[in-house]
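Listed below are the residues making up each chain.
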Amino acid sequence: MTTFARGSATLTRDALAVLQPGFTGTTAPDWVLRRLGEGLASVGIFGRNVASSEQLAALTAQLRAERADLIVAIDEEGGDVTRLEVRTGSSFPGNLALGAVDDTALTQAVAREMGRRLAACGVNLDWAPSADVNSNPDNPVIGVRAFGADPHLVARHTAAYVRGLQGAGVAACTKHFPGHGDTAVDSHHAMPRIDADLDTLTARELIPFRAAVAAGTKAVMSAHILVPALDPALPATLSQAALHGLLRAPVTEGGLGFEGLIVTDGMEMRAISAAYGIERGSVLAIAAGADAICVGGGLCDEDTVVRLRDALVAAVRAGELPEARLADAAARVRALGDWARHSGGPGAAEGIAPAPEAGLRAARRALRTTPGEQPYEPPAGPAFVAAFTPVANIAVGDETPWGVAAELARLLPGTGTATYGRRDAESGGAPALIANVLREAADRRIVAVVRDVHRHPWMADALDTLLAARPETVVVEMGVPQAPPTGALHIATHGAARVCGLAAAEVITGGVAGG
């Protein structure tokens, strides 16, 4: 019979402590409150949990009444990935816009204001920033979520972002280690693979993570990606070589020397769940060196928490997971909760002067405009916005509005809009699609809004056909501006946040730029 030094109750509490589950609803379910009393130490907040800042503050207060050192985490990157403003679009531009400006003081100020707002809502861990180097322009999941393609630019802005968030009392969780930028597969759907050698990884992917560690990031999130140079068999989230052997290893031994909390990316993502299952995957992740299991973007019920808790306990009892490793992971979670209790929350937010215009100022500075052959004349009346819309990746989601139509309609009353997708292009080809656009636009100036046009041949064909028919069309690229500028005026916003749309609308109507 196996003897456990700390007893079954402690083992169960440790297993609950390493979970970061989600739940449904804008108030705390009874099961969550009950599990907090049993040892659960973290919860994750998603868009479905947020109706307003006031409601979120009430929810976190309700949770924290059960456990004062509770970690309340959220996936709030700003830009395209927002949970705090999931129904309106973000007040902050995303990373690519901040990287385009390349003013680290601005990046720190934006992150500080975001942290202030999160802290005021009772959130004390942000699964951000993304430190990925977007070296592959065809990347379907990172793109505008990265500060850019230059490792050193990404590094300095990652560090600034960490300082800004944590200066507001919100722990940063730098992601997606060891770097998700050089992938052509979305790990929400399948297992990406990066075949770069160790020298390339060291000179590219790892530079921003080293900067984040040096800046004091409290947490790092692992990526569900296979990197054979580190581990030929297991993805980074499940790899001891990647987590313990690289992220934790001392700098003198070639590691990053990170001593904070290692959080997994969502375990229900297909890269893990399809190959290993979430129970087995969670056991392997903790054994490899992860400290907290993120789950709840899709699986957000009590049964999931119980299944993972029991899988971890069973693995310890079977000798598959060292009890000391689980205890160490739980202790790291509690240590972060203790830091957040004393450094974060509404109290920290009250000590910081609000900067409500920080995001819009950054969005304006991030715009890059390219005029056509003729001098640009703003519309004299209502416009028509044709939004060529790709399928949103899961990280961004399809709930959050994007584009310029709403903002342009405020400036030019009577402005109309319509959305066109790949199916519209495939049903009759680009000529039929654009004939429909021209019919709906009538005599109004057309504003074509695209997102990563370089990755979508149907979108590029539609845009070329439209410009041949109406060369006075304004083109707004709200993704990665990889394709050559076209149109009577081309505006690259470097992201699709609400403030990016507002900044573009201002320029279209002949107003503010570079504010």
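Here the structure is shown first, and the text comes after it.
Starting afresh in each chain, residues are numbered from 1 along the sequence in its written order. Per-residue local features of the predicted model are confined to residues with pLDDT of at least 70, and side-chain atom pairs are confined, for both listing and counting, to 80 or more; whole-chain, interface and lining totals are unaffected and use all residues. Calculation of side-chain values draws on the structure's entire complement of heavy atoms; hydrogens and water are dropped beforehand.

A. Region of the structure containing the overall build of the chain. Each helix is a run of DSSP H or I of at least 4 residues and each strand a run of E of at least 2, with the numbering of both proceeding from the N terminus. In terms of helices and strands, the chain carries 19 helices and 14 strands. Radius of gyration (C-alpha) of the chain: 23 Å, near the 24 Å computed for a compact globule of 515 residues. If one aligns the C-alpha atoms of the chain with their principal axes, the spans along those axes are about 80 × 45 × 45 Å. Counting all 515 residues of the chain, 60% fall into the buried class. Within the chain, residue pairs in contact and separated by at least 24 positions form 78% of the contacts whose partners lie at least 6 positions apart. Per-residue and other accessible areas follow the Shrake-Rupley method at a 1.4 Å probe size, with only the shown protein chains counted as cover for residues. Here the chain displays about 18600 Å² of accessible surface, and carbon together with sulfur accounts for 53% of that area. The convention is simple: Lys and Arg are positive, Asp and Glu are negative, and His and the chain ends are not counted. By convention, charge coordinates are those of NZ in Lys, CZ in Arg, CG in Asp, or CD in Glu. Averaging the positions of the 44 positive and the 56 negative side-chain charges in the chain gives two centres separated by 4 Å. Radius of gyration means the value over C-alpha atoms here, while the globule rule gives 2.2 Å times the residue count to the 0.38 power. For every residue, the accessible area obtained with a 1.4 Å probe (protein chains only) is divided by the maximum for its type, and the residue is called buried under 20%, exposed over 50%, and partly exposed between those limits. By definition in these notes, contact holds between two residues if any of their heavy atoms fall within 4.5 Å.

B. Quick look at helix 6 (residues 151-167). By this rule, a helix spans an expected 1.5 Å times one less than how many residues it contains. Spanning 17 residues, helix 6 covers 24 Å between terminal C-alpha atoms, matching the ideal 24 Å at 1.5 Å per step. Between a side-chain oxygen at the N-terminus of helix 6 and the backbone nitrogen of H152 the separation is 2.8 Å; the capping residue is D150. Note on helix 6: the residue one or two positions beyond its end, G169, has a positive phi of about 85°. Pairs of N or O atoms are called polar contacts if they sit within 3.5 Å, as long as, within protein, a hydrogen donor faces a hydrogen acceptor (for residues adjacent in sequence, only side-chain-to-side-chain pairs).

C. Quick peek at the nonpolar core. L19, L63, L125, W127, F177 and V263 are the most contacted members of the largest nonpolar core, which has 111 residues in total. Among all residues touching W127, those that are not within four sequence positions of it are Q20, G44, F46, A73, I74, D75, E77, C173, K175, M221, V263 and C294. What is meant by a nonpolar core is a set of buried Ala, Val, Leu, Ile, Met, Phe, Trp, Tyr and Cys residues, joined one to another through side-chain atoms within 4.5 Å. Counting 27 residues, the second largest nonpolar core, distinct from the first, contains V385, L408, A496 and L502.

D. View of the environment of Y161. Inspection of the secondary structure assignment puts Y161 in helix 6. In this structure, the C-alpha to C-alpha distance between Y161 and V110, residues 51 residues apart in sequence, is 8.0 Å. Excluding its chain neighbours within four sequence positions, the residues that come into contact with Y161 are E76, E77, N95, L98, T107, A111, M114, P129 and F147. Within the structure, the side chain of Y161 is placed 3.3 Å from the backbone oxygen of E77, a separation counted as a polar contact.

E. Looking closely at unusual backbone geometry. That bond from A128 to P129 is cis: its omega, 10°, falls within 30 degrees of zero. Residue placement: P129 occurs in the loop between strand 4 (125-126) and helix 6. Omega for the peptide link from F177 to P178 comes to 5°, which places this bond in the cis form. As for its position among the elements, P178 is in the loop between strand 5 (171-177) and helix 7 (198-203).

F. Broad picture of the pattern of salt bridges. By definition, a salt bridge exists where a carboxyl oxygen of Asp or Glu is found within 4 Å of a side-chain nitrogen of Lys or Arg. Summed over the entire model, instances satisfying the criterion amount to 32 salt bridges. With a closest N to O distance of 2.8 Å, E506 and R364 form a salt bridge. Note that E506 is positioned in helix 19 (residues 498-508) and R364 in helix 15 (residues 358-366), a separation of 142 residues in sequence. Each member of the pair, E506 as well as R364, is classed as buried. Each of D75, E77, R83, R145 and K175 takes part in one network of salt bridges that share partners.

G. Spotlight on the sheet that holds strand 5. Here six strands make up an open sheet; going across it, the order is 2-3-4-5-6-7 and the pairing parallel. Either end of the sheet is taken by a strand with one partner, and the two such strands are strand 2 (42-45) and strand 7 (261-263). The sheet contact formed by strand 2 and strand 3 (residues 71-74) spans four bridges and is parallel. By the bridge assignment for strand 3, S42 is matched with I71. Two strands pair under a simple rule: DSSP has to find at least two bridges between them.

H. Just the packing of aromatic side chains, in detail. Only rings of Phe, Tyr and Trp enter the pairing, Trp through its six-membered ring, and a pair is recorded when the two centres are within 6.5 Å. The plane angle decides the type: under 30 degrees is stacked, over 60 is edge-to-face, the rest tilted. The tally for this structure, following the rule as stated, stands at four aromatic pairs. When the centroid spacing of 5.3 Å and the interplanar angle of 90° are considered together, the rings of F177 and F209 count as edge-to-face. Here the residue F177 occupies a position in strand 5, and F209 occupies one in helix 8 (residues 206-214), the gap between them amounting to 32 residues. This pair shows no difference in class: F177 is buried, exactly as F209 is.

I. Examining the environment of F177 more closely. Assessed through its relative accessible area of 0%, F177 is described here as buried. When neighbours within four sequence positions are excluded, F177 is seen to be in contact with L206, F209, V220, M221, S222, A223, A236, A242, L243, L246, L247 and L256.

J. Layout of empty space enclosed by the protein. Only protein atoms enter the 1 Å grid, on which a cavity is a set of points fitting a 1.4 Å probe that cannot get out and a pocket is an open set with protein on both sides within 12 Å along at least 5 of 7 lines, lining residues being those with an atom within 4 Å of a point. Grid points are joined across faces, edges and corners, and a volume is the space filled by probe spheres set on the points. Counted by the stated rule, this structure contains one cavity of 30 Å³ or more. The space that makes up the largest cavity amounts to roughly 40 Å³. Lining the largest cavity, in full, are E77, G78, G79, D80, V81, G94, N95, V144 and R145. Taken together, the residues that form the lining of the largest cavity break down as two nonpolar, four polar and three charged. Put simply, Ala, Val, Leu, Ile, Met, Phe, Trp, Tyr, Cys and Pro go in the nonpolar bin, Asp, Glu, Lys and Arg in the charged bin, and everything else, Gly too, in the polar bin.

K. Expanded view of the sheet that holds strand 9 (residues 368-371). Taken in spatial order, the six strands line up as 9-14-13-12-10-11 in an open sheet, and their pairing is mixed. Since the sheet does not close on itself, it has two edges, and those belong to strand 9 and strand 11 (416-420), each with one partner. Neighbour to neighbour, the strand axes of the sheet diverge by 15° on average, direction disregarded. For strand 13 (residues 474-477) and strand 14 (residues 489-492), the ladder comprises four bridges, and the chain directions are parallel. The residue bridging V476 from the neighbouring strand is I491, located in strand 14. Here, axes are lines fitted to C-alpha atoms. For helices the fit covers the stretch in contact, and angles between N-to-C directions go from 0 to 180 degrees. Contacts between helix 18 (residues 457-469) and the sheet are confined to strand 10 (383-388), strand 11, strand 12 (445-450) and strand 13, with strand 12 contributing the most and set at about 165° to the helix.

L. Molecular detail of the packing of helix 11 (residues 278-288) against helix 12 (residues 302-317). Two numbers describe how helix 11 lies on helix 12: the axes approach to 9 Å, and their chain directions differ by 50°. Relative to helix 12, helix 11 is oriented oblique. With respect to the hand of their crossing, helix 11 and helix 12 are arranged in right-handed fashion. Only T304, R307, L308, A311, L312 and A315 of helix 12 make contact with helix 11, whose side of the interface consists of I278, E279, S282, V283 and I286. Of the residues that constitute the contact of helix 11 with helix 12, the class distribution is seven nonpolar, two polar and two charged. For classification, angles of less than 35 degrees are called roughly parallel, those exceeding 145 degrees roughly antiparallel, those between 65 and 115 degrees roughly perpendicular, and all remaining angles oblique. Whether a crossing is left-handed or right-handed is set by the direction in which the near helix is turned from the far one by less than a right angle, anticlockwise for left-handed and clockwise for right-handed.

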